[in-house]
Amino acid sequence: QKNIGILTSGGDAQGMNPCVRAVVRMAIARKCRPFFIYEGYQGLVDGGDKIKQAKWTDVSGFLTSGGTMIGTARCKEFREIEGRRTGVYNLIKKGIDALVVIGGDGSLTGADKLRAEWPDHVAALEKDGRISKEDANKYRTLMIVGMVGSIDNDLASTDMTIGACSALERICESVDAILSTAMSHQRAFVVEVMGRHCGWLALNAAISTGADYLFIPEAPPKDDWEESMCKTLKASRDAGKRTSLVIVAEGALDRNLNPIKPDYIKDILSTRLGYDTRVTILGHVQRGGAPAHFDRFLGTMQGAEAIEAILRATPDTPSPVIGMLENKITTQPLKEAIELTGQVAQAIESKDFARAMALRSASFSK
Ligand code: F6P
C-alpha cells in the first residue's frame, strides 16, 4: 500500500482540481493512501499539518471548481538545496513513497531535481541523525509523476496542458464581448493575452475570434510590420468591416527580440490610421472561473493514469510526465519533456524562429 502525496504548484490553472480529485479517488480505489500537500512546494518545506491524508469525500465538488483548492505558491525556499532537504525529511516523516506534482515547466523542473537529488538528501539526513538507518533504507528512492497544469500550453510532451482550453474559452468570450462594443463605435482594439513565452493562447484566440493581426514570440513579424499591419487593417475596413482587432501575446517580440507592447501598437493605429483605439489587457480573468469540459476530462484521465504509472514503476523507471498526444493519454520521461521545452527558448534566443515553431508543434511520442 503506497502513500502518495499530491501538490499543485506555480500559477493555478482550471482543471487542477479535477486532476487532484482523480488522483485522490483513483489512489483510494487502488488501495493506496493519498495525502494533500497544501500550498505547493511550500507545504513540503513547512511539513506538519500542511501534509494531510485525504479522504474520498474531501474532493467532493472539485470536479467543477476553478483554481486549486489545495493551494499553490511560487516557493523560494524550495529553490535552495536546504529547502529541498527539509522537504525530503517531511515526506519521509509522513511515510510518503510517491509524489504527484501538477504544475508548469518550472514546477516540473523542480520535481525532477528533487528526484535526482533524493538519494543524496536521504544519505545526508541519515548522517545528521535526523532519520534512522531503517528509514534511509526504506526510502531510498522517490517516484515522482508530473502533470502539466498551466494555461500557457507550453510544455513539449503534450498536445494540451490542463487549463489551456478553459483559458482560451474565457479569452474568446471576452473578445466576443469587446467586439460588440467595438463594432458599435467602429473602434480598433488591441487585446493582450497571457501565455508567458508561448504564443499558443494568442494564436488560437486570433483564429477563433477572427482577429486582423497577431503577434506571438515564436514568429516575430518582419521589420516593416508597422506598415504591413496598417495596410492589412485598412484593407479590412475598406471591405466594410466596422472593427479592427489585434491580438498580442504577452511575450510577443520583434525580430531583434525587443518586446512588442499593446500601447505601442495602439499609438501606431491611432496616429497612422486615425482609428479610435483601445487596449484591453485580459489578465488573470483568463485563469479564473470554472474549468471547461475538456479540462475536467483531461485532468480526470491524467490523474487516474498518474496512479497507474506509480503502481507500474520500478526503482529504475525515470520520473514520467503524463500528457495527451493525438487524443491518447501518454506517459513519457519528465526529463526529456523539460529538455525539449527548453530548446524552444534557445531557438528564440538564437533567432531561429522556424525551429521554435517546429519545436512547439513537435512531439516525441513513439
Ligand atoms: O504561467 C501561467 C501564467 O498565467 C502566465 O500566462 C503569466 O505570464 C503568469 O502565469 C502570471 O503569473 P502571476 O499570476 O504570478 O502574475
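The following refers to the structure shown. (Residues numbered from 1 in each chain as written. Predicted model: local features only at pLDDT ≥ 70, side-chain atom pairs only at ≥ 80, totals over all residues. Heavy atoms only, no water.)

### Regarding the overall build of the protein
Secondary structure summary: the protein contains twelve helices and twelve strands in total. When burial is assessed residue by residue, the protein has 56% of its 366 residues classed as buried. Nonlocal contacts in the protein, meaning residues at least 24 apart in sequence, comprise 76% of its contacts between residues at least 6 apart. Roughly 15,900 Å² of accessible area belongs to the protein as shown, and the carbon and sulfur atoms make up 51% of that amount. (Helix = DSSP H or I, 4+ residues; strand = E, 2+ residues; numbered from the N terminus. Buried < 20%, exposed > 50% of the residue type's maximum accessible area, 1.4 Å probe, protein only. Contact = heavy atoms within 4.5 Å. Areas by Shrake-Rupley, 256 points an atom, 1.4 Å probe, with all protein chains shown as cover.)

### Here's the deal with the nonpolar core
If you look at the biggest cluster of nonpolar residues, it comprises 59 residues, and the most contacted ones within it are V20, F36 and M147. With ten residues, the top contributor of residues to this core is helix α6 (residues 164–185). Beyond its immediate chain neighbours, meaning those up to four positions away, M147 contacts C19, V23, V100, V101, I102, G103, L108, I162, Q302, G303, A306 and I322. If you look at the next biggest cluster of nonpolar residues, it comprises 32 residues, including F35, I37, V88 and Y139. (Core = buried A, V, L, I, M, F, W, Y, C linked by side-chain atoms within 4.5 Å.)

### Some thoughts on unusual backbone geometry
Phi is positive for K31, which is not a glycine, with a value near 65°. The residue K31 is located in the loop between α1 (16–29) and β2 (33–37) in this model. If you check the backbone angles, N153 has positive phi at about 50° while not being a glycine. Locating N153 in the fold gives a position in the loop between β5 (143–150) and β6 (162–163).

### Observations regarding the site of the ligand
Lining the immediate surroundings of the ligand are R74, I151, D152, M194, G195, R196, E250, H284 and R287. R196 is positioned such that a nitrogen or oxygen atom in its side chain is 3.3 Å from an oxygen atom of the ligand. Take H284: an N or O atom from its side chain is 2.8 Å from an oxygen atom of the ligand. Coverage of the ligand by the protein chains reaches 74% of its 400 Å² of free accessible surface. Residue composition of the shell around the ligand, by class: two nonpolar, two polar and five charged. (Near = heavy atom within 4 Å. Polar contact = N/O pair within 3.5 Å; in protein donor to acceptor, adjacent residues only side chain to side chain. Nonpolar A, V, L, I, M, F, W, Y, C, P; charged D, E, K, R; others polar.)

### Re the packing of aromatic side chains
Counting across every chain of the model gives seven aromatic pairs. Judged by centre distance (6.4 Å) and plane angle (10°), the rings of F36 and F62 are stacked. Of the two residues, F36 sits in strand β2 while F62 sits in the loop between β3 (51–53) and α3 (81–93), which places them 26 residues apart along the sequence. Pair check on accessibility: F36 and F62 agree, each one buried. An angle of 5° between the planes, with centres 4.0 Å apart, marks the rings of Y41 and F78 as stacked. Here the residue Y41 occupies a position in helix α2 (residues 41–46), and F78 occupies one in the loop between β3 and α3, the gap between them amounting to 37 residues. Of the two residues examined, Y41 and F78, each falls in the buried class. (Phe/Tyr/Trp six-rings, centres within 6.5 Å; stacked < 30°, edge-to-face > 60°.)

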